[in-house]
Amino acid sequence: MKLVMAIIKPFKLDEVREALTEVGVTGLTVSEVKGFGRQKGHTEIYRGAEYAISFLPKIKIEAVVDDGLADRAVETIMESAQTGSIGDGKVFVMDVESAVRIRTGETGAEAL
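As for helix H1 (residues 13–23)
Within H1 the residues assigned to the buried category are Val-16, Ala-19 and Leu-20. The arc that holds the buried residues of H1, viewed along the axis, is 100°, so those residues lie on one side. On the buried face of H1, the contacting elements are strand S1 (2–8), strand S5 (56–65) and helix H2 (67–81).

Structure follows, in structure tokens:
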């Protein structure tokens, strides 16, 4: 099993969720996060004063998928989250040793 974690722009969430559902991802965890990469934030003017916004709002999506679905999930996220501008985000893939469904006690891929 793999944990696929993606940091994306907030307005792309619905598009990414729909695309992942179509390829067979059955569950997602979504968190509102703040951060920066090469984009390094930006400045805004509020009531005539300029403010530096160092941490930009982003969405973190996490999905645990079977090994055979991981590459397709990453491709799907890349296709559906891309705008072509700086700050589109990143995708990370990590191994998951085990999973347990609390309600039934199922383990491994059956727990997904």
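The structure having been displayed, the exposition proceeds.
Some thoughts on the side chain of Asp-88
Mapped onto the elements, Asp-88 comes out in the loop between H2 and strand S6 (89–95). The exposure class of Asp-88 is buried, given its relative accessible area of 16%. Side-chain polar atoms of Asp-88 contact the backbone nitrogen of Gly-84, separated by 3.0 Å. Sequence-distant contacts of Asp-88, that is, excluding residues within four places in its chain, are made with Ile-7, Ile-8, Lys-9, Ala-81, Gln-82 and Thr-83.

Looking at the sheet that holds S1
Taken together, the 4 strands give an open sheet; going across it, the order is S2-S5-S1-S6, and neighbouring strands pair in antiparallel fashion. The sheet is open, and its two edges are formed by strand S2 (29–35) and S6, each paired on a single side. Across this sheet, the average inter-strand angle for adjacent strands is 20°, counted without regard to direction. Across 7 bridges, the pairing between S1 and S5 is antiparallel. Bridged to Leu-3 within S5 is Val-64. Contacts from H1 reach S1, S2 and S5 within the one sheet, and its direction differs from that of S5 by about 10°.

Describing the pattern of salt bridges
Tallied over the full model, the rule gives 6 salt bridges. With a closest N to O distance of 2.4 Å, Lys-2 and Asp-95 form a salt bridge. Remark: Asp-95 occurs in strand S6 and Lys-2 occurs in strand S1; sequence separation between them is 93 residues. A relative accessible area of 60% places Asp-95 in the exposed class.

What counts as what
Residues numbered from 1 in each chain as written. Predicted model: local features only at pLDDT ≥ 70, side-chain atom pairs only at ≥ 80, totals over all residues. Heavy atoms only, no water. Buried < 20%, exposed > 50% of the residue type's maximum accessible area, 1.4 Å probe, protein only. Helix = DSSP H or I, 4+ residues; strand = E, 2+ residues; numbered from the N terminus. Arc of directions from axis to C-beta. Contact = heavy atoms within 4.5 Å. Polar contact = N/O pair within 3.5 Å; in protein donor to acceptor, adjacent residues only side chain to side chain. Pairing = 2+ DSSP bridges. Axes fitted to C-alpha atoms, helices over the stretch in contact; angles between N-to-C directions. Salt bridge = Lys/Arg side-chain N within 4 Å of Asp/Glu carboxyl O.

Purely spatial values, then, with no claim about function.
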